[in-house]
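# Observations on chain architecture
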Amino acid sequence: MQAPPSGPPWDLPVVEAPLVFVDLEMTGLDATLDRVVEVCLDRVVGGRSVGGISTLIDPGERVGGAAHVHGLDAAALAGSPRFERVADDILAVLDGAILVAHAAAWDVRFLVAELARAGRAVDPETRPGAQLEYYLDTLALARRSFAFQSYSLDSLCRELAIERGQAHRASSDVRALRAVFDRCVAVLAPVSVRDLWEVRVGERRARQAIVDACEAAVKHGAAVTVTYRAARRAPVALDMVLLEVLSDLDPPGVVGYQLPGRGRRQLRVDRILRIEPATPAEN
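First, a word on what this report is: a plain description of the structure on this page. (Residues numbered from 1 in each chain as written. Predicted model: local features only at pLDDT ≥ 70, side-chain atom pairs only at ≥ 80, totals over all residues. Heavy atoms only, no water.)

## Structural notes on the sheet that holds strand S8 (residues 253–258)
Test applied: Any two strands with at least two DSSP-identified bridges between them are counted as paired. Strands are runs of DSSP state E lasting at least 2 residues, helices are runs of H or I lasting at least 4, and numbering of each runs from the N terminus. To obtain each axis, a line is fitted to C-alpha atoms, and for helices this fit is confined to the stretch in contact; angles are then taken between N-to-C directions over 0 to 180 degrees. In this analysis, two residues are considered to be in contact whenever any of their non-hydrogen atoms come within 4.5 Å of each other.
The sheet built from five strands is open, its strands ordered S9-S8-S7-S6-S10 with antiparallel pairing. The open sheet has two free edges, formed respectively by strand S9 (263–268) and strand S10 (272–277), since each of these has just one partner strand. For this sheet, the mean inter-axis angle between neighbouring strands, taken without regard to orientation, is 45°. With respect to the sheet, helix H9 (residues 208–220) is in contact with strand S6 (224–228), strand S7 (236–246), S8 and S10, its orientation differing from that of S7 by roughly 80°.

## With respect to the packing of helix H5 (residues 138–145) against helix H7 (residues 170–188)
The condition that has to hold: What sets the label is the angle itself: under 35 degrees gives roughly parallel, over 145 gives roughly antiparallel, 65 to 115 gives roughly perpendicular, and the rest give oblique. Less than a right angle of anticlockwise turn of the near helix away from the far helix marks a crossing as left-handed, whereas a clockwise turn marks it as right-handed.
Taken N-terminus to C-terminus, the directions of H5 and H7 make an angle of 40°; their axes are 9 Å apart at the nearest point. On the basis of the axis angle, H5 is oblique to H7. Here H5 runs over H7; the crossing is left-handed. The residues of H7 that touch H5, namely those facing Thr138, Leu141, Ala142, Arg144 and Ser145, are Leu177, Val180, Phe181, Cys184, Val187 and Leu188.

## Remarks on the pattern of salt bridges
Two side chains bearing opposite charge may form a pair once their charged atoms approach each other closely. This is how it is decided: For this analysis, a salt bridge means a side-chain nitrogen from Lys or Arg found within 4 Å of a carboxyl oxygen belonging to Asp or Glu. Only protein chains enter the calculation, and the probe is 1.4 Å; a residue is then buried if its accessible area is under 20% of its type maximum, exposed if over 50%, and partly exposed in between.
A full pass over the atoms with the stated rule returns twelve salt bridges. Salt-bridge contacts for arginine 35 lead to glutamate 114; the nearest nitrogen and oxygen are separated by 3.1 Å. Taken together, the positions of arginine 35 in the loop between strand S1 (19–26) and strand S2 (36–45) and glutamate 114 in helix H4 (residues 104–117) put the pair 79 residues apart, joining distant regions of the chain. Of the two residues examined, arginine 35 and glutamate 114, each falls in the buried class. A salt bridge links arginine 169 to glutamate 38; its shortest N-O distance comes to 2.9 Å. Here arginine 169, found in the loop between helix H6 (153–159) and H7, pairs with glutamate 38, found in strand S2; they are 131 residues apart in sequence, far enough to count as distant. Residue classification places glutamate 38 among the buried residues on the basis of a relative accessible area of 5%. Each member of the salt-bridge network shares a partner with another, and the members are Arg35, Glu114 and Arg117.

## Some words on the pairing of S8
Each regular strand shows side chains that alternate between the opposite faces of the sheet. In this sheet, S8 lies alongside S7 in antiparallel orientation, the contact comprising six bridges. Its bridge partner being in S8, methionine 240 is matched across the sheet by glutamine 258. The antiparallel hairpin formed by S7 and S8 contains six residues in its connecting segment. Both S8 and S9 contribute to a ladder of six bridges, which runs antiparallel. Of the residues in S9, the one forming a bridge with glutamine 258 is glycine 263. If you look at the hairpin formed by S8 and S9, you'll find four residues sitting between the two strands, and arginine 262 has a positive phi there, around 65°.

## Describing the packing of helix H3 (residues 83–94) against H4
The line we're drawing: Under the scheme applied, nonpolar residues are Ala, Val, Leu, Ile, Met, Phe, Trp, Tyr, Cys and Pro; charged residues are Asp, Glu, Lys and Arg; polar residues are all the others, including Gly.
The N-to-C vectors of H3 and H4 enclose an angle of 125°; their axes lie 9 Å apart at closest approach. The angle between the axes of H3 and H4 places the two elements in the oblique class. The element H3 and its partner H4 pack so that their crossing is left-handed. Here H3 contributes Phe83, Ala87, Ile90, Leu91 and Leu94 to the contact with H4, which in turn contributes Leu111, Glu114 and Leu115. When its residues are assigned to classes, the contact of H3 with H4 shows seven nonpolar, no polar and one charged.

## Remarks on the sheet that holds strand S3 (residues 48–56)
Across the sheet, five strands lie side by side as S3-S2-S1-S4-S5; this open sheet has mixed pairing. With one partner strand each, in any of the chains shown, S3 and strand S5 (135–137) form the two edges of the open sheet. The sheet shows a mean angle of 20° between the axes of neighbouring strands, direction not considered. Contacts between H7 and the sheet are confined to S1, S2, S3, strand S4 (98–101) and S5, with S1 contributing the most and set at about 140° to the helix.

## Considering the side chain of glutamate 198
To keep things clear, this is the line we draw: In this tally Asp and Glu are treated as negative and Lys and Arg as positive; neither His nor the chain ends contributes.
With respect to the helices and strands, the residue glutamate 198 is situated in the loop between helix H8 (193–197) and H9. Arginine 205 is the oppositely charged side chain nearest to the buried, salt-bridge-free glutamate 198, at an N-O distance of 4.0 Å. Leave out the neighbours within four places in its chain, and glutamate 198 touches Arg205, Arg207, Gln208 and Ala209.

## Notes on the environment of cysteine 157
Assignment of secondary structure puts cysteine 157 in helix H6. Other than its neighbours up to four places away in sequence, cysteine 157 contacts Ile162, Arg164 and Ala176.

## Quick word on unusual backbone geometry
In this structure, the amide linkage connecting proline 8 to the following residue, proline 9, adopts the cis form with an omega of 5°. By secondary structure assignment, the location of proline 9 is in the segment before S1. Look at the link from aspartate 250 to proline 251: it is a cis peptide, with omega at 0°. Here proline 251 lies in the loop between S7 and S8. Unlike most non-glycine residues, alanine 103 shows phi in positive territory, near 55°. One can find alanine 103 in the loop between S4 and H4. Judged by relative accessible area, which is 24%, alanine 103 ranks as partly exposed.

Next comes the structure, spelled out in structure tokens:
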């Protein structure tokens, strides 16, 4: 997959980048037929909301679909605007920002379809500020960060002691989404938003920032603390001296010895969550 374009917002630190947390509720699962019935977009910079939109949507002829999931039947949606009435507001919130969602491909697929039906097709040539080709997915971030049985938003909130709110309602889901995102960022300690995009679980892709940190540790020879999460296991902190980065492997590996016993270890770089200098007491 081609990487996001260089420069801002992707190469900004996470605390400086404009992020738009998104959740949609729909009448079903087919973006070519089903329609959006609720949207919530929360634009955040540095942990502070700086804009957004939250509204019910009249889906037209498919009103009432999936009401058993989100409770939005014809009566609840009566008098709500059609999507085309809020399309420009949605594009304004997204302008120049990075979309963040849970299982984000679904939300992006529906958002693109609704914008196209509203005559606001997202084309990088004509709407470069609203490009939706690249986004962050908290499902992928959580799968790398934590060893849980399930990574649904409900399960993550339960495991991480996050107040869930009303499930399958857009504004509650966005609040939960933001909290999950913050927990993932705390674990992964990214150097930029691009660093988070490179968390591609299932693609055996190593984050370039982690590769660079491994190479720097090899060069300097100082002890480091490597936070590592093997498959289906919780993260562990390993005090190590790194000796070599095996860049010819797929994914890359790193070899070193573990302190204090100096046992040899070889780790997959794509499973390293972060690397930090070891404190003197740990050397």
